[in-house]
Amino acid sequence: MDERARALDAAHRAATDFLASLPDRPVWPRATLDEMVGVFGGAVPDQGMDAEAVVAELAAKADPGLVAIPGGRFYGFVIGGTLPAALAVDWLVSAWDQNSGSSLVTPTTVALERIAGDWILELLGLPASASVGFVTGAQVSNFTCLAVARRATLARLGWNLNERGARGAPEVRLVVGEHRHGSIDRAGRFLGLGSDDLDTVAADGAGRMKPEALEGALAGIQPGHAIVCLQAGEVHTGAFDPFAELIPLARAHGAWVHVDGAFGLWAAASPALRPLMAGAEEADSWTTDAHKTLNVPYDCGMAIVRDPADSIAMFRTGGDYLVYTGLDPWDISPELSRRARGVPVWAALRSLGRSGVVELVDRLHANAAAMAAGLADIPGVTVVNEVPYTQVMFRLDDDDATRTLGADILEEGTAVVTGAEWDGHAVLRCSMSSWVTSPDDIERTLAAIRRLVAA
């Protein structure tokens, strides 16, 4: 057996051992960054090492600093697990090593990504002709979509951004919700749009943008100069903006409408949850992730734009050595060189089918409802939000006690929840994002929290 085969066998053994450990290992890491730097650091080794030995050494030493994200009791942030087909195909993607920007150079992976994109549009009820660019995640998707939005907005105002740049261009305002995700502001900064370029719209108690507040904000902006950023799935409450009311208001003002639906856009795949997304299909661009709700390996986000011509106008590059054949990946997203991150999406969708996607999304919501009900039965615990989707927020009566409980949960090791603030108070956030989470995982988590609260 050659060195490559032995190394791959070693990696397979290490991976299966790690996955087998998930039901019983502490979910939070048992080592700090400094400790892991100490384990792996030091001067560059003088001599190399056989590939199999490198894999074995890495697996043996890395374990204390690994978090059990692929398991059933990681509820922190909004992070999915890894479906078996998506994980296995992700290994194939690395083995194939296809630089997947051009359909002429890498036709198999580009075809698979194109089909995955078509399936996503069908499942989510979005325009079948839209472009789907596979990027690293929601942050880069928001950047990609807002870059397209700004160029298109300026073009409608008679300004060619590609030729003239941004200096002296007509003003473009980002109209954002009070409870938007920070990746929207960060994407704006990437584009040279700072906080002074934002108009913030008031939200209700669940974080949903208020239509009357949007109407008031737009009244102070010249028609055609706004990009309105809406939200599908507030990261704390899981609430959805009222798209059917908001988008017509934006349209009447000549605004581009972007929907940040990193995890929430997938509600449209479920007949039961689809009403949350009513009207969102009328937007101009959409952000979502596959490494959240769809449970493919990191990293994989999607930048979806209604009119592919707008994407091409922003991202198609020059270069006499590049070959252009049509709507290729490098025409609709910022990267030229990249791995075929959309192929595991194809694998996930092929393994689930439409019915499996519906079952997955519905189960994540059911798990959130079950967790909320169980938390509400623990004396001293208050569930802060309604649970329209997959997010649960809870707290104790005292902010310091809430923060202490959050730290105790991580140290105890049964589960991971993450802290935040809502309405001026400390809260703990629980996001149901993993296909692995079972009723037993929920009960084990509730039992651990019950013990810690009573201690």
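Now for a look at the structure at hand. (Residues numbered from 1 in each chain as written. Predicted model: local features only at pLDDT ≥ 70, side-chain atom pairs only at ≥ 80, totals over all residues. Heavy atoms only, no water.)

1. Structural notes on the overall build of the chain
Point 1. Along the chain, the regular secondary structure elements total 15 helices and eleven strands.
Point 2. A compact globule built from 455 residues should have a C-alpha radius of gyration of about 23 Å, and the chain, at 23 Å, falls within 12% of that.
Point 3. The dimensions of the chain, computed from C-alpha atoms along their principal axes, are 60 × 60 × 45 Å.
Point 4. Across the 455 residues in the chain, those meeting the buried criterion constitute 50%.
Point 5. Considering only contacts within the chain whose residues lie at least 6 apart along the sequence, 73% involve residues at least 24 apart.
Point 6. Surface accessibility of the chain: about 19,700 Å² in total, with carbon and sulfur atoms responsible for 56%.
Point 7. Mean positive and mean negative side-chain charge positions of the chain (36 and 58 charges, respectively) differ by 3 Å. (Helix = DSSP H or I, 4+ residues; strand = E, 2+ residues; numbered from the N terminus. Rg over C-alpha atoms; globule rule 2.2 N^0.38 Å. Buried < 20%, exposed > 50% of the residue type's maximum accessible area, 1.4 Å probe, protein only. Contact = heavy atoms within 4.5 Å. Areas by Shrake-Rupley, 256 points an atom, 1.4 Å probe, with all protein chains shown as cover. Lys, Arg positive; Asp, Glu negative; His and termini not counted. Charge placed at Lys NZ, Arg CZ, Asp CG, Glu CD.)

2. Description of the packing of aromatic side chains
Ring pairs (aromatic) are described by centroid distance and by the angle formed between their planes.
Point 1. Scanning the entire structure with this criterion turns up four aromatic pairs.
Point 2. Plain terms: the ring middles of Trp 119 and Trp 346 are 6.3 Å apart, the flat faces sit at 20° to each other, and that makes the pair stacked. Pair noted here: Trp 119 is in helix 5 (residues 107-124) and Trp 346 is in helix 13 (residues 343-376), with a separation of 227 residues, a long-range link.
Point 3. On the accessibility criterion, Trp 119 (28% relative accessible area) is partly exposed.
Point 4. Taking the centre distance of 5.9 Å and the plane angle of 20° together, the rings of Phe 263 and Tyr 389 count as stacked. One end of the pair, Phe 263, is in the loop between strand 5 (256-260) and strand 6 (285-289); the other, Tyr 389, is in the loop between strand 8 (382-383) and strand 9 (391-395), and 126 residues separate them in sequence. Here the two residues Phe 263 and Tyr 389 agree in accessibility, since each one is buried. (Phe/Tyr/Trp six-rings, centres within 6.5 Å; stacked < 30°, edge-to-face > 60°.)

3. Notes on the state of the cysteines
One covalent bond between the sulfur atoms of two cysteine residues makes up a disulfide.
Point 1. Taken as a whole, this structure holds zero disulfides when the rule is applied.
Point 2. For the unlinked cysteine Cys 145, the closest cysteine sulfur is that of Cys 229, found at 9.8 Å. (Disulfide = S-S within 2.5 Å.)

4. Description of the packing of helix 2 (residues 33-40) against helix 3 (residues 51-62)
Between two packed helices, the angle of one axis relative to the other and the distance separating the axes together describe the packing.
Point 1. The interhelical angle for the contact between helix 2 and helix 3, taken along N-to-C directions, is 155°, at an axis separation of 11 Å. Taken together, the axes of helix 2 and helix 3 lie roughly antiparallel to each other. For the pair helix 2 and helix 3, the crossing hand works out as right-handed. For the pair helix 2 and helix 3, the contacting residues are Met 36, Val 39 and Phe 40 in the first and Leu 58, Lys 61 and Ala 62 in the second.
Point 2. Among the residues forming the contact of helix 2 with helix 3, the class breakdown is five nonpolar, no polar and one charged. (Axes fitted to C-alpha atoms, helices over the stretch in contact; angles between N-to-C directions. Parallel < 35°, antiparallel > 145°, perpendicular 65-115°, else oblique. Left-handed = near helix turned anticlockwise from the far one by under 90°. Nonpolar A, V, L, I, M, F, W, Y, C, P; charged D, E, K, R; others polar.)

5. Observations regarding the pattern of salt bridges
Point 1. Following the criterion strictly, the structure yields 27 salt bridges and no others.
Point 2. With a closest N to O distance of 3.0 Å, Arg 6 and Glu 52 form a salt bridge. Of this pair, Arg 6 sits in helix 1 (residues 3-21) while Glu 52 sits in helix 3; the two residues are 46 residues apart in sequence, bridging distant segments of the chain.
Point 3. The exposure class of Glu 52 is partly exposed, given its relative accessible area of 25%.
Point 4. Members of the salt-bridge network, linked through shared partners, are Arg 6, Arg 13, Asp 50 and Glu 52. (Salt bridge = Lys/Arg side-chain N within 4 Å of Asp/Glu carboxyl O.)

6. Focus on the pairing of strand 6
Point 1. In terms of burial, strand 6 is a largely internal element, five of the five residues being buried.
Point 2. Side-chain alternation along strand 6 places Ser 285, Thr 287 and Asp 289 on one buried face and Trp 286 and Thr 288 on a second face that is also buried.
Point 3. Inspection of the sheet shows strand 5 paired to strand 6 by three bridges, in the parallel sense. Residue pairing across strands places His 258 opposite Ser 285, the latter belonging to strand 6.
Point 4. For strand 6 and strand 7 (residues 301-305), the ladder comprises five bridges, and the chain directions are antiparallel. When the sheet's bridge partners are listed, Trp 286 is paired in strand 7 with Ile 304. (Pairing = 2+ DSSP bridges.)

7. Side note on the pairing of strand 3 (residues 198-201)
The two faces of a sheet get side chains in turn, since along a regular strand they alternate between them.
Point 1. Sheet topology places strand 2 (residues 173-177) next to strand 3; four bridges connect them, and they run parallel. Residue Leu 174 lies in a different strand from strand 3, and its bridge partner there is Leu 198.
Point 2. On the question of chirality, the crossover connecting strand 2 to the parallel strand 3 by way of helix 8 (residues 182-190) is right-handed. (Right-handed = clockwise from strand over helix to strand, strands pointing away.)

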